[in-house]
Structure formats: C-alpha cells, structure tokens
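Now for the letters of each chain:
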Amino acid sequence: MTSRPVIGISTFLTDAGWGRWDSMRSVLLPERYPALFQQAGGIAVLLPPDAPEHAATAVAHLDGLVLAGGEDVSPALYGEPAHPRTVASAPERDLWEAALIRAALASGTPLLGICRGMQLLNVVCGGSLIQHLPDVVGEDHDHLGAPTEYGRHPIHPVAGTLLADLLPEPSVVVPTYHHQAVARLGEGLTACAHATDGTVEAIEGPGFTLGVQWHPEQGDDTRLAHALLHASRRTPVPVPAA
C-alpha cells in the first residue's frame, strides 16, 4: 500500500473572531487549500509562521511544500520602496516562507507556490515584482476579481516546460485574484505561462519547483495538486488527464 505524502502548507497569521472572542491572534488558512491536496491523496499539514532557522527542520519532515496566497510580499526584500497600493503586512510570514523556500530548493523538496507563493519564490531567487499590475496592463483587466469573488482569464503554457507537460492545452481558464506580478525573473527560473496581455502567470525551476499566479484551490482542475503529489511520492502514481 502506497503511503500518503505529507504536504506542508503555509498559513496566515492574523486577528480573527469566533464564539465569544472578538479578536484573537490566529493561524488561518482557507479550507480549500488543504482540501485540494487531501482529495488528491495527500496529508495536509499547516505551517504557522516560525523562526526562519527552523525552516530546514520543518521541510525535512515533509514530502512536498505549498506556499499559499495572501498579503503582498514586502518590497524591501527586493530592494524597492513600497508602491502606494502595496499592502505588505506580514513580515513574520515573509521571513518564514522565504526560509521554507530556500530549504526546499536546497533539499530538492517538491514545491508549489500559489499567487503570493509564486511571487515570493521569484523574490527569493533574486527577482522583483510589478507592485501594481494596472500600472502596466491598464485598469481594464481580468487579473483581479470583485472584492468577494475571483476573476477568470486564460493562461497560455510555454511549450517545452514542465507546466506545458501538466497542462498541454494551448490555453487554460483559471481562477485569479492578484494585483502584483513578476517583473525581473529570478535566477534559475523560467517563465512557463503567460496571460494574453503578457503577464507572467507561472514560473518553474529545477526538479519540481513550480509557481502559479492563479488559485488552483478555487477551481475544479486538480492536475497541479496531483502533479505535486506525484513528485512527492516515494512510489509515484499517474497524474490524471484533463
């Protein structure tokens, strides 16, 4: 019997209220993140922000790593002043997740960065970000949905890349919610998908190192989750077709 791979997923550190508690410092993650990887056959483990020096130990206990979406990455990490529309409110998370990425890259642990997770992967590898995408593509775009719902637009995988092997169609419509994007590409990374307007929508690196600008947990396409688990298993299983 094949064991279920353990997938660590980063989390938010924020104030939340429930029951009699109006505001309590909490570790949170939308339920659809762990559900995506559980349904694909993995065991989801939530990773609250911790001291960066503990990242290598945490990653050593995982079969795969997922960097979830969330707040803007601090532009101080790529040497730029903050744009007026940048809201970088998670310094503990920035440092912890950057250390997780470095540990995963050093150990060859399969890694999937989602939205913010892709952006931080790019920054850790020496890249930079477009801090407000409408400055580049204009206000009339599909990257950012309504305040309470995700947008949808097609992405176009680049032939010959890992992503194109996983998503072989010329275009795939994805759920999306972001106002930042890759500017300068990080060292050792390849842009492996673009939006119609040219925005970098996915990046990849050595082994199974993949970042996507969209939110697979908000859609019905489970191929990326299965691919991560496939890369994480000691006894691989096939990735399902579209």
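Preceding block: the structure.
Procedures and definitions
- Residues numbered from 1 in each chain as written.
- Predicted model: local features only at pLDDT ≥ 70, side-chain atom pairs only at ≥ 80, totals over all residues.
- Heavy atoms only, no water.
- Pairing = 2+ DSSP bridges.
- Helix = DSSP H or I, 4+ residues; strand = E, 2+ residues; numbered from the N terminus.
- Core = buried A, V, L, I, M, F, W, Y, C linked by side-chain atoms within 4.5 Å.
- Buried < 20%, exposed > 50% of the residue type's maximum accessible area, 1.4 Å probe, protein only.
- Contact = heavy atoms within 4.5 Å.
- 1 Å grid on protein atoms, 1.4 Å probe; cavity = no way out; pocket = protein on both sides within 12 Å on 5 of 7 lines; lining within 4 Å.
- Points joined across faces, edges and corners; volume = space filled by probe spheres on them.
- Nonpolar A, V, L, I, M, F, W, Y, C, P; charged D, E, K, R; others polar.
- Axes fitted to C-alpha atoms, helices over the stretch in contact; angles between N-to-C directions.
- Phe/Tyr/Trp six-rings, centres within 6.5 Å; stacked < 30°, edge-to-face > 60°.
- Lys NZ or Arg CZ within 6 Å of the ring centre and 35° of its normal.
- Parallel < 35°, antiparallel > 145°, perpendicular 65-115°, else oblique.
- Left-handed = near helix turned anticlockwise from the far one by under 90°.
- Patch = residues over 30% accessible without salt bridge, like charges linked within 9 Å, V, L, I, M, F, W, Y side chains within 5 Å.
- Areas by Shrake-Rupley, 256 points an atom, 1.4 Å probe, with all protein chains shown as cover.
- Salt bridge = Lys/Arg side-chain N within 4 Å of Asp/Glu carboxyl O.
- Polar contact = N/O pair within 3.5 Å; in protein donor to acceptor, adjacent residues only side chain to side chain.

Colleague: Describe the pairing of strand β2 (residues 12-18), with residues and values.
Modeller: Here β2 pairs with strand β3 (residues 21-28) via six bridges, running antiparallel. When the sheet's bridge partners are listed, W18 is paired in β3 with W21. Count of turn residues in the β2/β3 antiparallel hairpin: two residues, of which G19 carries a positive phi of about 55°.

Colleague: Can you tell me about the nonpolar core, naming the residues and giving the values?
Modeller: Counting 31 residues, the largest nonpolar core has F37, L163, L210 and W214 as its most contacted members. At the level of secondary structure, the elements contributing two or more residues to this core comprise β1 (6-10), α1 (32-39), β6 (111-114), α6 (162-166), β9 (172-176), β11 (190-195), β13 (209-212) and α7 (223-232). Apart from the residues lying within four places of it in its own chain, the contact partners of L163 are P157, C192, A193, A202, E204, L210, W214 and L224. Counting residues in each nonpolar core, the second largest holds 28 residues, with I101, L121, C125 and V200 among its members.

Colleague: Give a detailed account of the layout of surface pockets, specifying residues and quantitative values.
Modeller: Of the voids in this model, the largest pocket is the one considered here, and its volume is about 460 Å³. Looking at the largest pocket, it is lined by 22 residues, and the ones nearest its centre are G70, D72, Y177, H178 and H179. In terms of residue class, the lining of the largest pocket is made up of eight nonpolar, nine polar and five charged. Computed from the structure, the second largest pocket encloses a volume of approximately 160 Å³. As for the second largest pocket, its lining consists of 14 residues, of which V173, V174, P175, D220 and D221 are closest to the centre.

Colleague: Any chance you could break down the sheet that holds β11 for me, citing the residues and the numbers?
Modeller: Taken in spatial order, the nine strands make up an open sheet running β4-β1-β5-β6-β13-β12-β11-β8-β9, and their pairing is mixed. Of all strands in the sheet, those with a lone pairing partner are β4 (43-47) and β9, marking the two edges. Pairwise comparison of adjacent strand axes, ignoring direction, gives a mean angle of 25° for this sheet. Pairing of strand β8 (residues 151-157) with β9 involves five bridges; the strand directions are antiparallel. Bridge pairing in β9 places G151 opposite T176. Each of β1, β4, β5 (64-67) and β6 is contacted by α1, which is oriented at about 165° to β1, the strand it contacts most.

Colleague: Pulling in residues and values, what's your account of the packing of aromatic side chains?
Modeller: Going through the model one piece at a time under the given rule, you end up with one aromatic pair. Ring centres of Y150 and Y177 lie 5.8 Å apart, and the angle between their planes is 65°; this geometry places the pair in the edge-to-face category. Of this pair, Y150 sits in the loop between α5 (134-137) and β8 while Y177 is found in the loop between β9 and β10 (181-182), placing the two residues 27 residues apart along the sequence. Just above the ring of F12 sits the side chain of R93; from NZ or CZ to the centre is 4.7 Å.

Colleague: Summarise the packing of helix α3 (residues 91-107) against helix α4 (residues 116-124); cite the residues concerned and give the values.
Modeller: Running from N to C, α3 and α4 cross one another at 70°; their axes reach a closest spacing of 10 Å. Taken together, the axes of α3 and α4 lie roughly perpendicular to each other. The way α3 lies across α4 gives a crossing that is right-handed. Residues R93, D94, E97, A98, I101, R102 and L105 of α3 lie in contact with α4, whose contacting residues are R116, G117, L120, L121 and V124. Along the lines of polarity and charge, the residues of the contact of α3 with α4 split into six nonpolar, one polar and five charged.

Colleague: Describe unusual backbone geometry, listing the residues and the values that go with them.
Modeller: At C115, a residue that is not glycine, the phi angle is positive and equals roughly 55°. Topologically, C115 is positioned in the loop between β6 and α4.

Colleague: Pulling in residues and values, what's your account of a nonpolar patch on the surface?
Modeller: A cluster of nonpolar side chains, namely W18, W21 and M24, defines an oily patch on the protein surface of about 330 Å² accessible area. Examined against the element boundaries, W21 turns out to sit in strand β3.

Colleague: Go over the environment of R85, please, and point to the residues and values.
Modeller: Looking at the element boundaries, R85 is found in the loop between β5 and α3. Note: C-alpha distance between R85 and P30 (55 residues apart in sequence) is 24 Å. The contacts of R85, once residues within four sequence positions are left out, are D72, H132 and H179. A distance of 3.5 Å separates the side chain of R85 from the side chain of H132, its partner in a polar contact.

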